[in-house]
Amino acid sequence: MDWTVPVLVSLLWVRYSAGVPGEAEVQVIDVLSLQDSRQSVAALEKLSAGLDVLSDLYVMSMLRLPAKLGGVLLGFYSKQDNRKYLELAVMGKINKILVRYVKADGKLHTVNLQNANVADGRTHSIILRLGGLQRQHAHMELYVDCRLVDSSEDLPPLVPLPRDADLVEVRHGQKAYTRLQGAVESLKVALGGSVAKAGALIDCPFQGDSSNYNTVNGDVNSILGDHTKALIGQLIIFNQILGELRQDIREQVKEMSLIRNTILECQICGFHEPRSRCLPNPCFKGVSCMDSMQFPGYICGPCPPGTTGNGTHCDDVNECEAWPCFSSEACVNSIGGFSCKPCPPGLWGAPLVGSGLDYAKTHKQECLDIDECVDIPEVCVPNSVCINSVGSYKCGGCKPGFLGNQTMGCYPRKSCNTLTFNPCDANAHCAMERNGDVSCRCNVGWAGNGNTCGMDTDIDGYPDRALPCMDNNKHCKQDNCVFTPNSGQEDADGDGIGDQCDEDADGDGVKNVEDNCRLVPNKDQQNSDSDSFGDACDNCPNVPNNDQRDTDVNGQGDACDLDIDGDGIPNVIDNCAKVPNPMQTDRDRDGVGDACDSCPELSDPTQTDVDNDLVGDACDTNQDMDGDGLQDSRDNCPDLPNSSQLDSDNDGLGDDCDHDDDNDGVLDDHDNCRLVVNPNQKDSDMNGVGDVCEDDFDNDAVLDTFDVCPESAEVTLTDFRAYQTVVLDPEGDAQIDPNWVVLNRGMEIVQTMNSDPGLAVGYTSFNGVDFEGTFHINTVTDDDYVGFIFGYQDSSSFYVVMWKQTEQAYWQSTPFRAVAQPALQLKAVKSQTGPGEYLRNALWHTGNTPGEVTLLWKDPRNMGWKDKTSYRWQLSHRPQVGYIRVKLFEGSDMVADSGVVIDTTMRGGRLGVFCFSQENIIWSNLRYRCNGRNILNQSPSVWNEGNGNIDGNGFVWSEENGNIDGNGF
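No experiment lies behind these values; they were computed from the predicted model shown. Each chain carries its own residue numbering, running from 1 in the direction its sequence is written. For this predicted model, a pLDDT threshold of at least 70 governs which residues receive local features, and a threshold of 80 or more governs which side-chain atom pairs are given and counted, while totals over whole chains, interfaces and linings are taken from all residues. The basis for the side-chain values is all heavy atoms of the structure; hydrogens and waters are excluded.

## Some thoughts on the overall build of the protein chain
Then comes step 1: Numbering of helices and strands runs from the N terminus; a helix is a DSSP stretch of H or I covering at least four residues, while a strand is a stretch of E covering at least two. When you go through the protein chain residue by residue, the secondary structure sums to nine helices and 47 strands.
Then comes step 2: Buried residues in the protein chain amount to 47% of all 969 residues.
Then comes step 3: We call two residues in contact whenever any of their non-hydrogen atoms come within 4.5 Å of each other. Considering only residue pairs separated by 6 or more positions, the protein chain has 50% of its internal contacts joining residues 24 or more positions apart.
Then comes step 4: Working note: accessible area of the protein chain is about 47,100 Å², and carbon and sulfur atoms make up 53% of it. Three exposure classes are used, based on accessible area relative to the maximum for each residue type with a 1.4 Å probe and protein chains only: buried under 20%, partly exposed in between, and exposed over 50%. The method behind every accessible area is Shrake-Rupley, applied with a 1.4 Å probe, and residues are considered shielded solely by the protein chains displayed.

What follows is the structure in structure tokens.
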């Protein structure tokens, strides 16, 4: 018996057991065992000290994640400003590991490490090596399941941790992964050492046969403990090398024997018959041998298929290096050949077995997707949507005309087509409410309760004559301004004539054009200050304030209010004078409270915001991967457009990318109340909608019948009372800025001045939206632009629908000549210069202006608007697919239709109105409604056929998403 190997192994065991003199001990931090702040501080002090002197740092973890899910695994953050010193996150959906850390210049650096296939429901090991910590450039290596899958070089170095460990917070994803039905089984940080030592901490040898290692390890684990596992693995590898060396020695002995026999035969040459050099066969097993006159007396044939060598010695060829199988993990190399494992679940393909590199390069295993929606009967409940994907499928909601979900089933819903009689007026149409009730809507140009409709000349929701409605609906009352839209029916003097068309609205004997208080009687016209408002209606009678702004709505204008926002903090010491914040929280300590700070986590006392996107220039990165107007660092779904940023369960993950919006443990596709917690899924009437959200799906205390966004608790009614004024030519002095007046609880806007181009933009952001309104030019003395905007992201990025009365060249030809045509136009604004003379002239010009404005559609009729005529517009915008459609009505007649326009320049944003040099504009009966689902579920071929019903104001509503009645309620 050969005792060489056991003795050598024993010597090596003693060396590693006793420790190698002079070798530094590797410090390991078990993150999951940090139970209190004292332990965390001690661990952070070790980490901080190690980063100052060590070259390498290792993060090791054993984890399990469901398919396509992920989240932050480990992070070290500043408690003061939430700065990311180091963060490691798993992106299961795209098979990436994201490493983010702060650079020396204070900016966040992101490293994308590919091929991290760990989100598949199985347990995987991860080792992240951060090397070169003391060099000018760092590098990273990612090991998954003991294999190097990706690396990144020439990285900026990490910044040192603060000396005061109390300023740093350690967070890990154990709880978050558990909520996702995954697990973080171990999470450790090793300071220094090698990849082999790091691998030993999670049972991961990096050489040899890991299966042999695991077998031996299982036998000795209870005796030797965790700290010797790596050493045993190395010894086993060493033993294998010695075995291979012994095999080589045997081959050498065989060759020496042949040489010795040859010499002996030469010595007795002539005394015996010549003996064949091929007996015994000196060639590799299975290789033919031929005698030869040349040394060594024989010639070996070629090596068998799947091997390479000289015939005497043949080594196996690893055909898997040619990637013949569907994936590298599916290839099994064997002596002389290879085989492919079966295709993954959800895919189908013939098995592949072969030998040799040429065969592996010319034959590839094909795994084709199985269309479960076609090939598997009733894979989803009948009458529901089945969505096939590569290797899998997804069951969606019920098909149009059916109600329910994947748990309760999908059943035929009541529709207007199944009614035995039509309850609606001849000038109305039938519509289905979200809860399945039938309602009637007056068509565009008509008003009433739907059962009875009358002519509505000014399209403001009130008929020209009173109607005999049985329910005494207010929209059956006669319009107090038949030819001028006034959706609020304001009548200050109660004389039956609306303020919009009453020459003396307050009845004080002074005509409106001369009255300094149009809506408050004041015959004396006393005006103590120099503004345009008399003392009787001036909310600051002794301080000039033409804007009459009253932030806290206490009857006292901001110009003379010592506490503008009404939060109990005087203006002089209030760090948000115009936004209520009694706590005065100021995380970045820049003197501007978080409630009004455009950069709440970064000191920015100037609060400069050049692009008017509500994000300060100091922290505005303009990095927006999904194009929804939210920079990635503030976007709760950075890879999916969701301008509304709706997050129903406040878990930091937007509803559009959250598989459980209400966090009740029931996935959205099976949850009968997607936005309201109901783990018991109680549904007494078995209609597929849970009891807790039966009539109020988003639980915002507004019934779905009246809710303009039934699936968002943040938006309930149309309201533009809170708006942002955006001036698009701030340096221009040809005209003045627009003067906006908001009426009818935010559903009507009036602009009276001949002004520079400007916008009044609401603060609510939308994904998919339907937006409608009536506009009316209440003058005969001007002929310029009027319109509305949507998809507003900043003052350089928005869509605008605009209309001019006559053709005209802009009176300022600098920086270029701009000519406007009298046609309804749809434009995408993506300005490289922002507000100023270039954008001003580009907006005026009918056509494309490179780097500023793109003309998406123009009405081919080339007809301008008419004076004192009401027009009703309808907009449908689905930013996720780029669907845009604009319709325009004059009375009950549709006079323009853009058809389907596809454009993804802005994937969602805010709504508002637009004017350019035009005075006396009324935007009346404004209505918006969240609507991001129905068009997405239809093929493009049916987009031009309409999408649901047109309501009394011409709005396009689908039965799936509910309806607003003819008066917007």
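## Describing the pairing of strand β8 (residues 138-144)
When a strand is regular, its side chains alternate between the sheet's two faces.
Then comes step 1: For β8, the buried fraction is high: seven of the seven residues fall into the buried class.
Then comes step 2: On β8, burial covers both faces: Ala138, Met140, Leu142 and Val144 on one face and His139, Glu141 and Tyr143 on the other are all buried.
Then comes step 3: Two strands pair if DSSP finds at least two bridges between them. Bridge count between strand β7 (residues 123-131) and β8: six bridges; the pairing is antiparallel. Across the sheet, the residue bridging to isoleucine 126 is valine 144, located in β8.

## Some words on helix α9 (residues 837-844)
The α-helix advances 3.6 residues per turn, and as a result positions three or four apart in sequence lie on the same side.
Then comes step 1: Summarising burial for α9: six of the eight residues are buried, a large majority.
Then comes step 2: All of the buried residues along α9 are Leu839, Arg840, Asn841, Ala842, Leu843 and Trp844.

## Quick look at the UniProt feature "repeat: TSP type-" (unreviewed entry) in the protein chain
Then comes step 1: UniProt positions are given in the numbering used here, feature names are shortened, and annotations may be inferred rather than shown by experiment. Cross-referencing UniProt, the feature "repeat: TSP type-" (unreviewed entry) maps to residues 490-525, 549-584, 608-645, 646-681 and 682-717 in the present numbering.
Then comes step 2: When the span residues 490-525 is considered, its composition is 0% helix and 0% strand, and the gap between its end C-alpha atoms is 22 Å.
Then comes step 3: Annotated as residues 682-717, this span is 0% helix and 0% strand, and its ends, taken at the C-alpha atoms, are 29 Å apart.

## Remarks on the packing of aromatic side chains
Then comes step 1: Any two of the Phe, Tyr and Trp rings considered here, Trp counted by its six-membered ring, make a pair once their centres fall within 6.5 Å; the pair's planes then place it as stacked at under 30 degrees, edge-to-face at over 60, or tilted in between. Scanning all chains against the criterion turns up 22 aromatic pairs.
Then comes step 2: When the centroid spacing of 6.2 Å and the interplanar angle of 45 degrees are considered together, the rings of phenylalanine 720 and phenylalanine 771 count as tilted. With phenylalanine 720 in the loop between β28 (453-455) and β29 (723-727) and phenylalanine 771 in strand β33 (residues 769-777), the pair connects residues that are 51 residues apart, well separated along the chain.
Then comes step 3: Residue phenylalanine 720 is classed as buried on the basis of its relative accessible area of 3%.
Then comes step 4: Taking relative accessible area as the criterion, phenylalanine 771 reaches 0% and is therefore assigned buried.
Then comes step 5: Members of the aromatic cluster, joined through ring pairs, are Phe720, Phe766, Phe771, Phe775, Phe788, Trp803, Tyr871, Trp873 and Tyr928.

## Observations concerning the confidence of the model for the protein chain
Then comes step 1: In the predicted model, the protein chain carries a mean pLDDT of 85, and the fraction of residues at 70 or more is 90%.
Then comes step 2: pLDDT measures the predictor's confidence residue by residue and takes values from 0 up to 100. Throughout residues 1-23 the model reports pLDDT below 50, and contacts reaching past four residues in sequence, or to other chains, amount to 15 contacts.
Then comes step 3: Note that residues 207-223 has pLDDT below 50 and, in this model, 21 contacts with residues that lie over four places away or in other chains.

## Concerning the state of the cysteines
Then comes step 1: When two cysteine sulfur atoms lie within 2.5 Å, the pair is treated as a disulfide. The tally for this structure, following the rule as stated, stands at 22 disulfides.
Then comes step 2: Between the sulfur atoms of cysteine 146 and its disulfide mate cysteine 204 the distance is 1.7 Å. Of this pair, cysteine 146 sits in the loop between β8 and β9 (147-155) while cysteine 204 sits in the loop between α4 (195-200) and α5 (210-224); the two residues are 58 residues apart in sequence, bridging distant segments of the chain.
Then comes step 3: In this structure cysteine 146 comes out as partly exposed when scored by relative accessible area, which is 26%.
Then comes step 4: Between the sulfur atoms of cysteine 320 and its disulfide partner cysteine 331 the distance amounts to 2.0 Å. Note on the cysteine 320 and cysteine 331 pair: the S-S dihedral is about -85 degrees, so by sign convention the disulfide is left-handed. Placement of the pair is cysteine 320 in the loop between β15 (314-316) and β16 (331-334) and cysteine 331 in strand β16, with a sequence separation of eleven residues.

## Quick notes on the side chain of aspartate 594
Then comes step 1: Residue placement: aspartate 594 occurs in the loop between β28 and β29.
Then comes step 2: Using a relative accessible area of 17% as the deciding quantity, one classes aspartate 594 as buried.
Then comes step 3: Residues in contact with aspartate 594, not counting those within four places in the same chain, are Thr585, Asp586, Arg587 and Pro600.

## Looking at the nonpolar core
Then comes step 1: Counting residues in hydrophobic clusters, the biggest one holds 47 residues, and the most contacted among them are Leu47, Leu57, Ile97, Val99 and Val189.
Then comes step 2: If you tally residues by element for this core, the top one is helix α2 (residues 37-53), at five residues.
Then comes step 3: What isoleucine 97 contacts, discounting residues up to four positions off in sequence, is Leu88, Ala89, Val90, Val111, Asn112, Leu113, Ala116, Ile126 and Leu142.
Then comes step 4: Counting residues in each nonpolar core, the second largest holds 40 residues, with Phe766, Phe775, Leu875 and Val913 among its members. We define a nonpolar core as any set of buried Ala, Val, Leu, Ile, Met, Phe, Trp, Tyr and Cys residues linked to one another through side-chain atoms lying within 4.5 Å.

## With respect to the pairing of strand β23 (residues 402-405)
Then comes step 1: Pairing of β23 with strand β24 (residues 409-412), which is carried by four bridges, proceeds in the antiparallel orientation. Residue pairing across strands places leucine 403 opposite tyrosine 411, the latter belonging to β24.
Then comes step 2: With antiparallel pairing between neighbouring strands as the criterion, β23 and β24 make up a hairpin whose turn holds three residues.

## Here we look at the sheet that holds β16
Then comes step 1: Pairing in this open sheet of three strands is antiparallel, and the strands run β16-β17-β19 from one edge to the other. Across the chains shown, the open sheet's two edge strands, defined by having one partner strand only, are β16 and β19 (353-354).

## Considerations on the pattern of salt bridges
Then comes step 1: By convention in these notes, a salt bridge is any Lys or Arg side-chain nitrogen within 4 Å of a carboxyl oxygen on Asp or Glu. A full pass over the atoms with the stated rule returns 24 salt bridges.
Then comes step 2: Across the salt bridge formed by aspartate 859 and arginine 861, the nearest N and O atoms sit 2.8 Å from each other.
Then comes step 3: Several salt bridges converge on common partners, so that one network encompasses Asp56, Arg129 and Glu141.

## Focus: unusual backbone geometry
Note: most peptide bonds trans; most residues except glycine with negative phi.
Then comes step 1: Across the junction of leucine 279 and proline 280, the peptide omega takes the value -5 degrees, indicating a cis bond.
Then comes step 2: Backbone torsion omega between phenylalanine 295 and proline 296 reads 5 degrees, so that peptide bond is classified as cis.
Then comes step 3: Looking at the secondary structure, you find proline 296 in the loop between β12 (289-291) and β13 (298-300).
Then comes step 4: A positive phi angle, near 60 degrees, is found at asparagine 663, a position not held by glycine.
Then comes step 5: Structurally, the position occupied by asparagine 663 is in the loop between β28 and β29.
Then comes step 6: With a relative accessible area of 42%, asparagine 663 lands in the partly exposed category.

## Remarks on α2
Then comes step 1: Multiply 1.5 Å by the residue count of a helix minus one, and that product is the helix's expected span. Over its 17 residues, α2 extends 25 Å from the first C-alpha to the last, a length consistent with the 24 Å expected when each residue adds 1.5 Å.
Then comes step 2: When α2 is considered as a whole, its buried residues turn out to be Ser40, Val41, Ala43, Leu44, Leu47, Ser48, Gly50 and Leu51.
Then comes step 3: Close packing links the buried residues of α2 with β1 (27-30), β2 (57-64), β3 (71-78), β10 (168-172) and β11 (183-191).
Then comes step 4: Between a side-chain oxygen at the N-terminus of α2 and the backbone nitrogen of arginine 38 the separation is 3.2 Å; the capping residue is aspartate 36. Whenever two N or O atoms come within 3.5 Å, that pair is a polar contact, provided that in protein one can donate a hydrogen and the other can accept it, and provided that, for residues adjacent in sequence, both atoms are side-chain atoms.

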